[in-house]
Amino acid sequence: MPTTSAKLLASAAAALAFSLAPGAALAADAAPARVMPADAVSDCSSQGKVWLVVQDSKGKALVDKCVETAATGSELLTKADVKTTLDPKTKMICTMEGEPATCPTKFDGNYWHYYTAAKPGTWAFSQKGADQAKPVAGGAEGWCYGKECTPAKPGTTPAATATPSAAPAADEKKSNKGTITTVLVAAIVGGLVAAFYVAKRKKS
């Protein structure tokens, strides 16, 4: 019958094998990827709500979600908690969710293009301002910044990503944690092996 030391040794060895398996030390820290349900946009439409898309000059999503319908396009932005800044002279939206960082002092050809859709995915450039336009229940509202642009199809806009320097730092942190775990388990196994042989010599 296996001794207590032998049982501990076997358990520790199994733990070490697991810690050395590819990706095992990182599995617990890995965050699940955010995947938008395929029917999210259609569900939003069927409920009489409005899908809002706001994307920056690079086509990255600042907002891409379902919002309760509102009386005007401006009110819809408020309901979606979208931060906007109005140009003090024209009273038009000049920044949205920090894009651009500040209102341009001179017009450079870039501005916020406003689109509406009676059905998600069929964009039409709005002939009215956001204060006058009335969102269509079950439809969509879209904004994009640039000289010439059209919002992406609702629910498909690429999400804004972290800066390149941030990703390696996170990976390095996970890698270091995995290394520390492996070293600790190895130390435990080494100690148990020594204890096992000492006990065996005493018995002999």
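Check the entry above for the structure.
Judged by nonpolar contacts, the single largest core of 18 residues is most densely connected at Leu52, Val54, Leu77, Val82, Met96, Trp112 and Trp143. Of all the secondary structure elements, the ones that give two or more residues to this core are β1 (50-55), β2 (61-67), α4 (73-79), β4 (93-96), β5 (111-117) and β7 (140-146). Looking at this core element by element, the count peaks at three residues for β1. Beyond its immediate stretch of four places on either side in the chain, Met96 contacts Val54, Leu62, Leu77, Val82, Lys83, Thr84, Trp112 and Trp143. Trp51, Trp123, Cys144 and Cys149 belong to the second-largest nonpolar core, a separate cluster that totals eleven residues.

Taken as a whole, this structure holds three aromatic pairs when the rule is applied. Their ring planes at 50 degrees and their centres at 5.3 Å tell us that Trp112 and Tyr145 sit as a pair that is tilted. Residue Trp112 is located in strand β5, and its partner Tyr145 is located in strand β7; the two are separated by 33 residues in the primary sequence. Tyr145 carries the same exposure label as Trp112, and that label is buried. The interplanar angle of 20 degrees and the centroid separation of 4.3 Å between the aromatic rings of Tyr114 and Trp143 together place this pair among those described as stacked. You can see Tyr114 sitting in strand β5 and its partner Trp143 sitting in strand β7, a full 29 residues away along the chain.

Moving on, we come to the pairing of β2. Bridge count between β1 and β2: six bridges; the pairing is antiparallel. Residue pairing across strands places Trp51 opposite Cys66, the latter belonging to β2. Linking β1 to β2, which pair antiparallel, is a turn of five residues; within it Gly59 sits at a positive phi near 85 degrees.

This part is about the state of the cysteines. In this structure the tally under the stated criterion is three disulfides. At a sulfur-sulfur separation of 1.8 Å, the disulfide partner of Cys94 is Cys103. Paired by a disulfide, Cys144 and Cys149 hold their sulfur atoms 2.2 Å apart. Between Cys144 and Cys149, the S-S dihedral sits near 95 degrees, and the bridge is therefore right-handed. Residue Cys149 is classed as buried on the basis of its relative accessible area, which comes to 15%. Along the protein chain, the cysteines that take part in disulfide bonds pair up as 1-2, 3-4, 5-6, counted in sequence order.

As a further point, take the sheet that holds strand β6 (residues 124-125). With respect to topology, five strands assemble into an open sheet ordered β2-β1-β7-β5-β6, the strand pairing being mixed. This sheet does not close on itself; its edge strands, each paired only once, are β2 and β6. By the bridge criterion, seven bridges tie β5 to β7 in an arrangement that is antiparallel. Paired with His113 across the bridge in β7 is Cys144.

Now for the pairing of β5. Taken across its seven residues, β5 has five buried, putting it largely inside the fold. For β5 and β6, the ladder comprises two bridges, and the chain directions are antiparallel. Looking across to β6, one finds that Tyr115 is bridged to Phe125. Count of turn residues in the β5/β6 antiparallel hairpin: six residues, of which Gly121 carries a positive phi of about 105 degrees.

Next up on the list: a nonpolar patch on the surface. Together, Phe107, Tyr111 and Phe125 make up an exposed nonpolar region whose accessible area comes to about 330 Å². For Phe107, the location among the structural elements is in the loop between β4 and β5. Overall, Phe107 belongs to the exposed group, its relative accessible area being 66%.

Rules of the game
- Along each chain, residues carry numbers from 1 onward, in the same order as the chain's sequence is written.
- For this predicted model, a pLDDT threshold of at least 70 governs which residues receive local features, and a threshold of 80 or more governs which side-chain atom pairs are given and counted, while totals over whole chains, interfaces and linings are taken from all residues.
- With hydrogens and water set aside, each side-chain value is computed from the structure's full complement of heavy atoms.
- Grouping buried Ala, Val, Leu, Ile, Met, Phe, Trp, Tyr and Cys residues that are joined through side-chain atoms within 4.5 Å yields what is termed a nonpolar core.
- The buried label goes to any residue with under 20% of its type's maximum accessible area, the exposed label to any with over 50%, and the partly exposed label to all in between, with areas taken from a 1.4 Å probe on protein chains only.
- By definition, any uninterrupted DSSP run of H or I lasting at least four residues is a helix, any uninterrupted run of E lasting at least two residues is a strand, and each is numbered from the N terminus.
- Working rule for contacts: check all heavy atoms of both residues, and any pair within 4.5 Å makes them a contact.
- For Phe, Tyr and Trp, where Trp contributes only its six-membered ring, two rings pair if their centres lie within 6.5 Å, and the inter-plane angle classes them as stacked under 30 degrees, edge-to-face over 60, or tilted in between.
- Paired strands are those between which DSSP finds at least two bridges.
- Criterion for a disulfide: a pair of cysteine sulfur atoms at a distance within 2.5 Å.
- What goes into a patch is any residue over 30% in relative accessible area without a salt bridge, connected to like charges within 9 Å or, for nonpolar side chains (Val, Leu, Ile, Met, Phe, Trp, Tyr), within 5 Å.
- Only the protein chains shown count as cover for residues, and the accessible areas themselves come from Shrake-Rupley with a 1.4 Å probe.
- By salt bridge we mean one thing: a side-chain nitrogen of Lys or Arg within 4 Å of a carboxyl oxygen of Asp or Glu.

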